[in-house]
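Structural overview
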Amino acid sequence: MTLSTLDTSARETLFTEARTANSFASTPVTDDELSAIWDLAKWPPTAANTQPLRVVYVRTDAGRSRLLTHMSEGNVAKTQSAPAVAILAVDQAFHDHIPTLLPFRPELKDAFAGNDALRTSTGSFNGALQAGYFLLAVRALGLAAGPMAGFDKDTLDADFFPDGKWKSILVVNIGHPGENPWFDRLPRLDPHDTVDWA
């Protein structure tokens, strides 16, 4: 397989011109579009192919009303305006799927089951990795993403995941940009401060 290079427009869409949306138009986001997001977001590499990320799409008025009670004050209006919202969570029992996802090493399921620290660190890191790909998938499909960590994780989890199996890590507003959707672009660190060579 030969790897191709994304053109300038695609790189701008995913990276250099991509912004966090803070307001959204009323244009609906369809179930097909939300399904297409996951069809892209499911592909990142994860340790031992564990794939711990789970997604709940909040679409109904009742679901949104519940969600808004857990959002930080500064995130309520933007979440209310978004046509769709995704709750990204880590499955605390992701290891149960290892025999399916890593069929040549099914015994890893027991290794994770017997090691809480390993299971937690693996789930947290790889769930965050998948969340980054989820944002890229939203952008790749021509939609704006508004990722937020400003919410009460404990109360949200008690409400949406009362069995304790999933733990939220990020809430993402999804839609088309609304009026004045972007804050001014904030600076990025210079490579002199972030990149070294060995």
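In what follows, the accompanying structure is described. Here the residue index of a chain counts from 1 through its sequence in written order. With pLDDT at 70 or above as the cut-off, local features in this predicted model cover only qualifying residues; side-chain atom pairs require 80 or more to be listed or tallied, and sums for whole chains, interfaces and linings still use all residues. Computation of side-chain values covers all heavy atoms of the structure but excludes hydrogens and water.

**What about the environment of Ile 87?**
With respect to the element layout, Ile 87 can be found in strand 2 (residues 84-91). Once the C-alpha coordinates of Ile 87 and Val 55 are considered, the two residues, 32 residues apart in sequence, prove to be 5.7 Å apart. Discounting residues that sit within four places of it in the chain, Ile 87 has contacts with Arg 54, Val 55, Val 56, Val 58, Leu 67, Leu 156, Phe 160, Phe 161, Ser 168 and Leu 170. Counting from the N terminus, the helices are the DSSP runs of H or I reaching at least four residues and the strands are the DSSP runs of E reaching at least two. Note on definitions: a residue-residue contact is assigned when non-hydrogen atoms from the two residues lie within 4.5 Å.

**Quick look at the pattern of salt bridges**
Any carboxyl oxygen of Asp or Glu within 4 Å of a side-chain nitrogen of Lys or Arg constitutes a salt bridge here. Applying the stated criterion across every chain yields a total of 6 salt bridges. The partner of Asp 31 in a salt bridge is Arg 59, with the nearest N and O atoms 2.8 Å apart. In this pair, Asp 31 sits in helix 2 (residues 31-41) while Arg 59 sits in the loop between strand 1 (53-58) and helix 3 (61-68), placing the two residues 28 residues apart along the sequence. Think of it in three bands: with a 1.4 Å probe and only protein chains considered, a residue is buried below 20% of the maximum accessible area for its type, exposed above 50%, and partly exposed in between. Judged by relative accessible area, Arg 59 falls into the partly exposed class, the value being 33%. Between Arg 54 and Asp 91 there is a salt bridge, and its shortest N-O distance comes to 3.1 Å. Placement of the pair is Arg 54 in strand 1 and Asp 91 in strand 2, with a sequence separation of 37 residues.

**Description of the nonpolar core**
Counting residues in each nonpolar core, the largest one holds 18 residues, and the members touching the most others are Ile 37, Leu 88, Phe 134, Val 138, Val 172 and Ile 174. Elements supplying a minimum of two residues to this core: helix 2, strand 2, helix 7 (116-140) and strand 4 (166-175). For this core, the leading source of residues is helix 7, giving 5 residues. Sequence-distant contacts of Phe 134, defined by excluding residues within four places in its chain, comprise Ile 37, Trp 38, Ala 41, Val 55, Tyr 57, Ala 86, Leu 88, Val 172 and Ile 174. The criterion is simple. A nonpolar core is a set of buried Ala, Val, Leu, Ile, Met, Phe, Trp, Tyr and Cys residues joined through side-chain atoms within 4.5 Å. In this structure, Val 58, Val 85, Ala 144 and Val 171 belong to the second largest nonpolar core, which totals 16 residues.

**Description of the sheet that holds strand 3 (residues 144-148)**
What the 4 strands build is an open sheet, ordered 1-2-4-3; its pairing is antiparallel. The outermost strands of the open sheet, each flanked by one partner alone, are strand 1 and strand 3. Going across the sheet, the axis of each strand differs from the next one's by a mean of 25 degrees, ignoring polarity. Two strands pair if DSSP finds at least two bridges between them. Two strands pair when backbone bridges link them, and strand 2 and strand 4 are joined in this way by 8 bridges, in the antiparallel orientation. Counted as the bridge partner of Leu 88 is Leu 170 from strand 4. Where helix 2 meets the sheet, it contacts strand 1, strand 2 and strand 4, and its direction lies at approximately 170 degrees from that of strand 1. Interaxial angles span 0 to 180 degrees and are taken between N-to-C directions of axes, which are lines fitted to C-alpha atoms, for helices over the stretch in contact.

**Overview of the side chain of Arg 139**
With respect to the helices and strands, Arg 139 occurs in helix 7. Counted as positive: Lys and Arg. Counted as negative: Asp and Glu. His and the chain ends are not counted at all. Although Arg 139 is buried, it makes no salt bridge; Glu 17 carries the closest opposite charge, 11 Å away. Here the side chain of Arg 139 touches Leu 14 through a polar contact of 3.0 Å, landing on its backbone oxygen. Among residues more than four places away in sequence, those in contact with Arg 139 are Thr 13, Leu 14, Ala 18 and Arg 19. Within 3.5 Å is the distance limit for a polar contact, defined as a pair of N or O atoms, with the added protein rule that one can donate a hydrogen and the other accept it, and that residues adjacent in sequence qualify only through two side-chain atoms.

Fair warning: the whole summary comes from geometry, so function is off the table for now.
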